[in-house]
Amino acid sequence: STRVGSPPAASTLSGQVNPTDQRLEFTVRPHFAAQVRCTRENARAGCNPLLPVRLEFTATVERAGLAKVRLRDGSGKAYPQAKAEPAPFADGVVFPGPFPPGARLNLDLPAGLRDDRGRALVNASRFPMRLEIGGPPPLLKFAGEFGILERHAGGLLPLTLRNLEAGKGAEGD
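Residues numbered from 1 in each chain as written. Predicted model: local features only at pLDDT ≥ 70, side-chain atom pairs only at ≥ 80, totals over all residues. Heavy atoms only, no water.

Undergrad: Just give me the short version of the sheet that holds strand S6 (residues 78-79), but keep the residues and values in it.
TA: Reading across the sheet, the four strands line up as S6-S5-S8-S9 and stay open at both edges, with antiparallel pairing between neighbours. Single-partner strands in this sheet number two, and they are S6 and strand S9 (129-132). Alignment of strand S5 (residues 70-73) against strand S8 (residues 104-108), held across four bridges, turns out to be antiparallel. Bridge pairing in S8 links arginine 72 to asparagine 106. (Pairing = 2+ DSSP bridges. Helix = DSSP H or I, 4+ residues; strand = E, 2+ residues; numbered from the N terminus.)

Undergrad: Could you give me a rundown of the packing of aromatic side chains, with the residues and numbers involved?
TA: For the structure on display, the rule yields two aromatic pairs. Consider the rings of tyrosine 79 and phenylalanine 99, whose centres lie 5.3 Å apart with planes at 65°: the pair is edge-to-face. Taken together, the residues tyrosine 79 in strand S6 and phenylalanine 99 in the loop between strand S7 (89-95) and S8 connect sequence positions 20 residues apart. Side by side, tyrosine 79 and phenylalanine 99 carry an identical accessibility label, which is buried. (Phe/Tyr/Trp six-rings, centres within 6.5 Å; stacked < 30°, edge-to-face > 60°. Buried < 20%, exposed > 50% of the residue type's maximum accessible area, 1.4 Å probe, protein only.)

The structure is reproduced here in structure tokens:
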């Protein structure tokens, strides 16, 4: 019999009745997917040729599988991955660049790439993926107010240059 004001008791297929609900707390992992990230001037522009291209996964992958990820141009030239921490698993790789402006690159994943739980990529059909590299960015950007200095005015303008050349230190080497 069912009590008035209480929900009906749940029963199994065999007819066994359980008068109380059982709640189980658990966490659902997202699908195992890969996503490419790069800095762009706008949504329709190609990747900035001076900044890194990142391949990120929603779960960790064995380092041996990640080492087989390749970024190449049309002529077959490969761009190396950035050095990574010596851990057995990671959730992505970084290609530091720089890349040729206007290039079209192909990002290839090794066949059968699986995460730490043995799951295959849900978006594996998107790879190999073609990446468009944008044109060269402006050489100088001004974050604040600035003035105009005439070429023949004979004035001096204080100027600070940062990160223009690899290997040059702050000491003015």
